[in-house]
Amino acid sequence: MRVLFATSEAYPLIKTGGLADVSGALPKAISQLSTFNGDIKLVMPGYSAVLAKLKNIETIANINVLGETCSILIGKMPDTNLDVIAIKNAALYERAGGPYSDENGKDWLDNALRFGVLSRVASLLCSTNSPLTDWQPDLIQCNDWQTGLTPAYMKLIDNSTTKSIFSIHNLAFQGNFHANWLTRLELPAAHFQINGFEYYEQISFLKAGLFYADQLSTVSPTYAEEIQSESFGFGFQGLLQTRSDDLTGILNGIDIQEWNPETDVHLTKNYSNQRITGKSTVKKMLQQQLGLQIDANAPLLGIVSRLTHQKGLDLLPSIMPQLVNQGCQFVILGSGDKVLEASFTDLAERFPNQVSMNIGYHEHLSHNIMAGSDVFIMPSRFEPCGLNQLYGLAYGTPPIVTPTGGLADSVTDTNSMTFKDNSATGFVLKTVSSASLLVTIQRALETWKSKTDWRRIQKNGMNREVSWAFSAQLYLDLYEKTLLTE
Ligand code: ADP
Ligand code: GLC
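Cut-offs and rules
Residues numbered from 1 in each chain as written. Chains lettered and ligands numbered in written order. Predicted model: local features only at pLDDT ≥ 70, side-chain atom pairs only at ≥ 80, totals over all residues. Heavy atoms only, no water. Axes fitted to C-alpha atoms, helices over the stretch in contact; angles between N-to-C directions. Helix = DSSP H or I, 4+ residues; strand = E, 2+ residues; numbered from the N terminus. Parallel < 35°, antiparallel > 145°, perpendicular 65-115°, else oblique. Left-handed = near helix turned anticlockwise from the far one by under 90°. Contact = heavy atoms within 4.5 Å. Domains from an automatic or database assignment. Buried area = accessible area lost by both parts, 1.4 Å probe. Salt bridge = Lys/Arg side-chain N within 4 Å of Asp/Glu carboxyl O. Polar contact = N/O pair within 3.5 Å; in protein donor to acceptor, adjacent residues only side chain to side chain. Near = heavy atom within 4 Å. Areas by Shrake-Rupley, 256 points an atom, 1.4 Å probe, with all protein chains shown as cover. Buried < 20%, exposed > 50% of the residue type's maximum accessible area, 1.4 Å probe, protein only. Nonpolar A, V, L, I, M, F, W, Y, C, P; charged D, E, K, R; others polar.

**Student:** So what exactly am I meant to see when it comes to the packing of helix α5 (residues 149-158) against helix α7 (residues 205-212) here?
**Tutor:** In a pair of packed helices, the angle between the axes and the distance between the axes together describe the arrangement. For the pair α5 and α7, interaxial distance at closest approach is 6 Å and the crossing angle is 55°. Considering the angle they form, α5 stands oblique to α7. In this structure, α5 crosses over α7, and the sense of that crossing is left-handed. Together, Leu-149, Pro-151, Ala-152, Lys-155 and Leu-156 of α5 and Phe-205, Ala-208, Gly-209 and Tyr-212 of α7 make up the contact between the two elements.

**Student:** What is the right way to read the domain arrangement of the chain from this model?
**Tutor:** Note: interface size is frequently given as the accessible area lost on complex formation between the parts. Domain annotation of the chain identifies domain 1 (2-253 + 469-483) and domain 2 (278-465). With 21 residues of domain 1 in contact, the opposing surface of domain 2 contributes 17 residues. Across the interface of domain 1 and domain 2, roughly 1,500 Å² is buried in total on both sides, 60% from carbon and sulfur atoms. Broken down residue by residue, the surface that domain 1 buries against domain 2 is led by Lys-15, Thr-222 and Leu-251, which jointly contribute 25%. Applying the counting rule to domain 1 against domain 2 returns one salt bridge. Residues Lys-15 and Glu-363 are paired through a salt bridge, measuring 3.9 Å at the closest nitrogen-oxygen approach. Taken together, domain 1 and domain 2 are joined by seven residue pairs in polar contact (both at pLDDT 80 or more).

**Student:** In this structure, what is going on with the site of ligand 2? I would like to understand it.
**Tutor:** Close contacts around ligand 2 come from 13 residues, with His-169, Asn-252, Glu-383, Cys-385 and Gly-386 the closest. His-169 has a polar side-chain atom sitting 2.7 Å from an oxygen atom of ligand 2. Contacts to ligand 2 include Cys-385, whose backbone N or O atom sits 3.0 Å from an oxygen atom. If you tally residues by element for the shell around ligand 2, the top one is helix α1 (residues 18-31), at three residues. Counting contributing residues, the shell around ligand 2 receives three or more from each of domain 1 (2-253 + 469-483) and domain 2 (278-465).

**Student:** I would appreciate a short explanation of the site of ligand 1 in the present structure.
**Tutor:** Residues in contact with ligand 1 amount to 21 residues; listed here are only the nearest, Gly-18, Asp-21, Arg-306, Lys-311 and Gly-360. Contact distances for ligand 1 include 3.1 Å between a nitrogen atom and a backbone N or O atom of His-362. Between an oxygen atom of ligand 1 and a main-chain N or O atom of Leu-387, the distance comes to 2.9 Å. The protein chains hide 93% of the 560 Å² of surface that ligand 1 would expose on its own. Of all the secondary-structure elements, those providing two or more residues to the shell around ligand 1 are α1, β13 (300-307), β14 (329-336) and α14 (388-394).

**Student:** Explain the pattern of salt bridges here, please?
**Tutor:** Here the structure, examined in full by the defined rule, presents 18 salt bridges. Residues Glu-68 and Arg-184 are paired through a salt bridge, measuring 2.8 Å at the closest nitrogen-oxygen approach. Residue Glu-68 is located in strand β4 (residues 68-76), and its partner Arg-184 is located in helix α6 (residues 181-184); the two are separated by 116 residues in the primary sequence. Taking relative accessible area as the criterion, Glu-68 reaches 14% and is therefore assigned buried. Of the residues examined, Arg-184 reaches a relative accessible area of 32% and is grouped as partly exposed. Residues participating in the shared-partner salt-bridge network are Asp-39, Lys-41, Lys-76 and Asp-83.

**Student:** Could you clarify how one ought to interpret the environment of Ser-101 in this entry?
**Tutor:** Within the secondary structure, Ser-101 is located in the loop between α3 (90-93) and α4 (111-125). Residue classification places Ser-101 among the buried residues on the basis of a relative accessible area of 18%. For the pair Ser-101 and Asn-111, spaced ten residues apart in sequence, the C-alpha to C-alpha distance is 8.7 Å. If we skip the residues at most four places from it in the chain, Ser-101 touches Lys-106, Asp-107 and Trp-108.

**Student:** Would you take a moment to explain the packing of helix α10 (residues 278-290) against helix α13 (residues 363-372) for this structure?
**Tutor:** One way to put it is that α10 packs onto α13 with a least axis distance of 8 Å and a crossing angle of 125°. Classed by the angle they form, the pair α10 and α13 counts as oblique. In the packing of α10 onto α13, the handedness of the crossing is left-handed. Together, Lys-279, Val-282, Lys-283, Leu-286 and Leu-290 of α10 and Leu-365, Asn-368, Ile-369, Met-370, Ala-371 and Gly-372 of α13 make up the contact between the two elements. Residues belonging to the contact of α10 with α13 are distributed by class as follows: seven nonpolar, two polar and two charged.

This is the structure we're talking about:
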């Protein structure tokens, strides 16, 4: 089976969030399955970081794509030797700033073209005009809106025989652009309509993926249900309901080569479920590094997140002073919403020994927060899957989460019953509110006071299978099902 995995980011080449974690880990996990007899390649934009990190780069072809001259390169992932096809066009992709936005966080004005080119190249790789002459994929897995036009090009222009899956990692990002882009994107105007890629008079990359792909998937079973409702469907619930039979929810896993407290190269001290003492060393070092009071008895609450409405962290500042007065410490790493950044910064200035606010993106610190914190806070309003709560489970840092999406599918609330049967792994809010967050944190702190009870919850989480092995097989099953579609 030949599989092409189209994505706009993949760890360790480039990462802004969980999509990169999945794109870095899932193809690798599938290729390692003993049940998989085939070959997986990635296709993605050749951002500067990607070109710098890929190994053994060769040029396959120079082609014109949507009026842009692109070099199609092939190289190897640094750690796994997986093939990555990178699209090189310096003007489109080699810029200072992020993959989607400039240094001030403003979306690039030509994102329609940048990801139109990505979508078009991915579709060409599945066509008889492929720049890769000896390798036509049987199946393509497209990820999020940035690759949404691919299934449309495949069906409407190329008449491709390759089957397609469109995977939803986040419905909130839709890639909707002005109809003026139609010609530039070489999209057939006849399909700019409700039964096509039109969405409220705009071209929607996301809708194209949802409408034209042979099968759809998303990153947790609960999110697969939720997005068929008005509250979570972001306007696409109707379309998703009609495609309900083609929609599969598969919970993400974690890359245990990167996220394993026993071997994690970022940690000041490694530890395991059997020998957990190293975890308190990481906590101590973290407190020291961040200028917090060094105190093993002060509960340390960790947060690593994009600071957006989705993540619900605006529920936290108002209840922090009370928790700080009770002796809690907070370490926050993230960036995004400027108002929220400022609230956390104010609190860090008010309580320098107990609150540490770190604005920015830091891989190394994120691992140490995950390991050094006692609990991890993730009160998302919606969460397609979420990876941080899975890292929390694996690192003996029980997560405090809302009952939504992948959080609901991966964290089991602690109560007398789940404590007794050893299924308790964290603490789940009843509603998405500051009051409920406060009550739930207090509940966690009560349990934390008993070291033996806490150890039991940590153990349950650390014993949970969160690696990709299981979910990778579910994707392979989905691939096989997709190959059988008409
Ligand atoms: P999302 O993709 O919605 O942001 P996930 O929980 O799926 O949420 O994945 C987020 C990923 O990005 C995790 O690997 C997390 O550790 C990482 N991350 C988020 N913010 C930061 C940051 N400021 N610094 C380092 N890593 C971060
Ligand atoms: C998105 C979602 C997150 C998910 C990630 C990877 O960014 O917000 O919940 O874990 O994609 O699938």
